[in-house]
Amino acid sequence: MKYIIFNWKSYLNLKETLSLSKIISNLPKSKKYKILSSPNNFFHLTIRKLFPKNITATQNIDLHGLGANTGSLDVSYLTESKIKYSILGHSEVRANFNDNDLIVKDKLKHCLSNNIVPIVCIGETKDIYKSKKTREFLKLQIHKIFSMSTQYQEVILAYEPLWSIGTGLTPKIDEIDEICSYLSMILKNYSFKKINILYGGSVNLTNISDILNLRNVNGVLVGSASTKSEFIKYFK
Ligand code: PGA
């Protein structure tokens, strides 16, 4: 079973969101794919009401807690709304809201203590990639986010090279497999009840089947391509 996560970011309005959600709800039940969508926060409850079987993930959570915290999104609201997944540390959240690995570590704790499955995003810059320091960088990033003494429940790790997001560029197919295999080796030093490693960054109709065929890749996190109905219909 491979995870297919549609990250709709802030691309879609309500009508577009519901129209794609309807296509998802009509996909035949599959043993090959587990499909999640990550819509704008405003739209989760409408999706749940109209398409109760669709699974959604928030694009972020917040650390301030309940109380006098205007503008926050506490993790308990996800639980109350029966949302079971949240993306954490996406590169755009890191860039726009100053998230860093320490904050992601705290958000991870919040998710796990509220039974939310975190989809933790990591990835290197173009410079790091070019200087062949990707592995070292990712190892350190994992070290900053996860602790070897914690027993984690289910976690999804998304390897998203920053230079690949929204650019049409991806590492070579073999490289994606090698990096994901390396990540799974590193993650053996930590303890997870369930861990899946996904690839994200310029996944589209042209490269999806090659990426999903990779042994060490347990799924994909897809941004702009997933806002097109043809892409969603690929999973029929
Ligand atoms: P992209 O985005 O598919 O548009 O490159 C991926 C992501 O940001 O998760």
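Refer to the structure above for everything that follows.
Residues numbered from 1 in each chain as written. Predicted model: local features only at pLDDT ≥ 70, side-chain atom pairs only at ≥ 80, totals over all residues.

Draft legend 1. Broad picture of unusual backbone geometry. The phi dihedral of Lys82 falls on the positive side, at around 60°, and the residue is not glycine. In this structure, Lys82 sits in the loop between helix 3 (75–80) and strand 4 (85–88). On the basis of neighbour count, Lys82 is assigned to the exposed category, with 12 C-beta atoms found within 10 Å. Positioned with a positive phi, Ser202 is a non-glycine residue whose angle comes to about 55°. The buried category is assigned to Ser202, around which 21 C-beta atoms lie within 10 Å. (Helix = DSSP H or I, 4+ residues; strand = E, 2+ residues; numbered from the N terminus. Buried ≥ 20, exposed ≤ 12 C-beta atoms within 10 Å, placed from the backbone.)

Draft legend 2. Representation of the packing of helix 7 (residues 134–145) against helix 8 (residues 173–187) in the model. Axis separation between helix 7 and helix 8 bottoms out at 11 Å; the angle between their running directions is 35°. Along this stretch, helix 7 crosses helix 8, giving a crossing that reads as right-handed. Contacts between helix 7 and helix 8 involve Thr134, Arg135, Leu138, Lys139 and Ile142 from the first element and Ile179, Tyr182, Leu183, Ile186 and Leu187 from the second. Taken together, the residues of the contact of helix 7 with helix 8 sort by class into seven nonpolar, one polar and two charged. (Axes fitted to C-alpha atoms, helices over the stretch in contact; angles between N-to-C directions. Left-handed = near helix turned anticlockwise from the far one by under 90°. Contact = placed C-beta atoms within 7 Å. Nonpolar A, V, L, I, M, F, W, Y, C, P; charged D, E, K, R; others polar.)

Draft legend 3. View of the site of the ligand. The immediate surroundings of the ligand are formed by 13 residues, with Ile165, Gly200, Ser202, Gly223 and Ser224 found nearest. Residues belonging to the shell around the ligand are distributed by class as follows: five nonpolar, seven polar and one charged. (Near = placed C-beta within 6 Å.)

Draft legend 4. Highlighting the nonpolar core. Ranked by size, the top nonpolar core spans 43 residues in total, and within it Ile5, Ile119, Val120, Leu157, Ala158, Tyr159 and Leu198 carry the most contacts. When residues in this core are grouped by element, the largest group, five residues, is from strand 6 (residues 151–159). When neighbours within four sequence positions are excluded, Leu198 is seen to be in contact with Tyr3, Ile5, Ile156, Ala158, Tyr159, Val217, Asn218, Gly219, Val220 and Leu221. (Core = buried A, V, L, I, M, F, W, Y, C linked by C-beta atoms within 7 Å.)

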